[in-house]
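# Fold and geometry: a report
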There are 2 protein chains.
Amino acid sequence: MEEYYLALRKHIEEISPLTDQEWEYVAQCFTYKTLKKHQFLIQKDELVPSEYWVIKGLLKTYTIDSEGKEHILQFAMEQYWTSDFQAFQNQIPATLFIDCIEDSEFFCLRLENRERLCQEIPKMTNFFRIKSHYGYIALQQRIMSLLTETAEERYNNLIKKLPHLIQRVPKKLLASYLGVTRETLSRLKG
Amino acid sequence: MEEYYLALRKHIEEISPLTDQEWEYVAQCFTYKTLKKHQFLIQKDELVPSEYWVIKGLLKTYTIDSEGKEHILQFAMEQYWTSDFQAFQNQIPATLFIDCIEDSEFFCLRLENRERLCQEIPKMTNFFRIKSHYGYIALQQRIMSLLTETAEERYNNLIKKLPHLIQRVPKKLLASYLGVTRETLSRLKG
DNA sequence: ATTATAAAGTGATGTATGTCACATTTTTAT
DNA sequence: ATAAAAATGTGACATACATCACTTTATAAT
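Residues numbered from 1 in each chain as written. Chains lettered and ligands numbered in written order. Predicted model: local features only at pLDDT ≥ 70, side-chain atom pairs only at ≥ 80, totals over all residues. Heavy atoms only, no water.

Where an unreviewed UniProt entry is consulted, chain A appears under the name Crp/Fnr family transcriptional regulator, with the organism given as Flavobacterium geliluteum.

## Examining the state of the cysteines
Under the criterion given, the structure shown has 0 disulfides over all chains. Cys108 of chain A provides the cysteine sulfur closest to Cys100 of chain A, a residue in no disulfide bond, and the two sulfurs are 11 Å apart. (Disulfide = S-S within 2.5 Å.)

## A word on the protein's contact with DNA strand D
In the neighbourhood of DNA strand D, 18 residues make up the surrounding shell, with Lys171, Lys172, Arg182 and Arg187 of chain A together with Thr184 of chain B lying closest. Within the side chain of Lys37 of chain B, a nitrogen or oxygen atom sits 3.1 Å from a phosphate oxygen of DNA strand D. Between DNA strand D and Glu183 of chain B there is a distance of 3.4 Å, counted from a base nitrogen to a side-chain nitrogen or oxygen. Along the lines of polarity and charge, the residues of the surface near DNA strand D split into 3 nonpolar, 5 polar and 10 charged. (Near = heavy atom within 4 Å. Polar contact = N/O pair within 3.5 Å; in protein donor to acceptor, adjacent residues only side chain to side chain. Nonpolar A, V, L, I, M, F, W, Y, C, P; charged D, E, K, R; others polar.)

## So, the relation of the copies chain A and chain B
The relation between the two copies of this chain is a rotation about an axis and a shift parallel to it. Rotating chain A by 180° and moving it 0.0 Å along the rotation axis overlays it on chain B with an RMSD of 0.0 Å. Both copies are brought into coincidence by an operation consistent with a two-fold rotation axis. For chain A, the residue whose C-alpha comes nearest the rotation axis is Arg129 of chain A, separated from it by 2.0 Å. A symmetric contact is evident, with 97% of the interface residues of chain A recurring at the interface of chain B. (Least-squares fit on C-alpha atoms with pLDDT ≥ 70 in both. Contact = heavy atoms within 4.5 Å.)

## So, unusual backbone geometry
All names here are of chain A. Even without glycine at this site, Asp45 takes up a positive phi of about 75°. Tracing the chain through its elements places Asp45 in the loop between strand 2 (40–42) and strand 3 (50–56). According to the relative accessible area criterion, Asp45 is exposed, its value standing at 55%. (Helix = DSSP H or I, 4+ residues; strand = E, 2+ residues; numbered from the N terminus. Buried < 20%, exposed > 50% of the residue type's maximum accessible area, 1.4 Å probe, protein only.)

## Let's talk about helix 5 (residues 122–148) of chain A
For helix 5 of chain A, built from 27 residues, the straight-helix expectation of 39 Å at 1.5 Å per residue is met to within 8% by its first-to-last C-alpha distance of 39 Å. Burial runs high along helix 5 of chain A: 19 of the 27 residues are buried. (Expected span 1.5 Å × (residues − 1).)

## Observations concerning the packing of helix 4 (residues 111–120) of chain B against helix 5 (residues 122–148) of chain B
The description of two packed helices rests on the angle between their axes and on the distance between the axes. All names here are of chain B. Close contact between helix 4 and helix 5 brings their axes to 5 Å; oriented N to C, the two are set at 120°. One element, helix 4, and the other, helix 5, form an angle in the oblique class. Contacts from Arg114, Leu117, Cys118 and Glu120 of helix 4 reach helix 5 at Pro122, Met124, Thr125 and Phe128. (Axes fitted to C-alpha atoms, helices over the stretch in contact; angles between N-to-C directions. Parallel < 35°, antiparallel > 145°, perpendicular 65-115°, else oblique.)

Printed below as a string of structure tokens:
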């Protein structure tokens with residue numbers, strides 16, 4: 001467990017170095033949680049108590065449409081933040097599902113703790129500011145990818161960008177993330 | 001001009017109320033700029049000195065693909081922030097174009113001023129944190145829309161969400177924003 | 001006002017991707 | 001180890017949307 005906290009501290013300090021005293025305050029705002037493969041971190045229509053930092057494991061964030069088809073918004077693995085941020089931020093019922101593709105472990109940060117943290121430790125406000133900004137930029141790039149690229153280009157770029165992810169995720173889920181059917185993805189490479 | 005500054009102050013204070021003294025510091029970090037319709041705010045391959053808050057007007061952020069087709073990432077109107085954030089943040093050449101659909105006026109914030117602002121006025125760090133976070137959530141919703149909805153659904157939802165925008169933007173540009181051709185958009189309603 | 005330019009509509013046709021069905025391979029659970 | 005479940009591949013066919021070509025309508029420039 002000690003090493004998990006060290007990993008989180010390192011993650012934060014890549015953006016905002018902290019004193020030991022500050023870190024002590026930060027660390028106590030997080031709680032630990034673990035889930036097995038196939039278990040849900042967040043379910044649609046339920047409230048979302050926390051946002052989550054992935055210590056270990058792999059998750060998918062998705063919706064189910066009216067025809068029962070799954071559409072994947074995000075994969076989250078080690079050192080990723082994940083939640084239904086819309087629901088979390090406004091403390092309203094989730095519109096998304098998040099469940100575990102692998103056994104997973106997290107640090108959980110509740111909304112009141114995050115805001116307390118930002119009030120007490122300005123460096124943490126800065127950390128979240130930078131993180132959100134990078135996240136925003138990454139999503140803009142994904143939108144451009146969806147607007148401009150063919151399924152094949154999107155797949156090849158995903159392989160380039162996250163080669164390690166490909167190994168851990170069934171192609172059917174990658175297809176869903178890329179916005180195509182598994183059949184189409186299957187026919188691309190041949 | 002005085003009223004422009006008041007509008008910006010109001011915009012910031014919807015998230016982070018400031019003292020008069022703080023506001024004085026904030027205000028001097030911005031510079032004013034105006035452009036006519038069809039003029040470029042940002043051009044591909046050029047450096048991006050600032051991010052921009054739109055006082056008045058309307059702009060589009062887009063790329064041109066290898067076949068010369070335009071793909072619109074964002075429309076920015078009154079009270080929107082816009083820039084090539086990826087290029088701005090890393091001070092590298094732009095990959096995007098931004099030009100004016102209408103005569104427009106902006107407040108410009110240079111990177112060094114933004115960071116100075118965040119260091120001097122923690123409330124501003126918080127302002128940018130919240131803004132980025134909301135922006136992130138909005139982009140997630142756009143991605144879900146692209147993954148799950150038909151062209152017609154995306155168009156109808158855009159009309160619901162930004163009815164005033166529709167009036168100001170040629171349908172051909174809306175089509176590009178929605179990820180379809182103008183011909184397809186034209187055939188939806190009839 | 002008149003002309004030039006851009007936006008918008010529409011028909012004919014092409015294509016990438018979706019859908020459905022079924023076989024094969026791989027992974028998971030007992 | 002064995003059976004069950006999930007993932008993957010592939011053929012036949014359907015469809016949403018793209019492309020190209022041309023006309024009509026609206027907007028902008030002199």
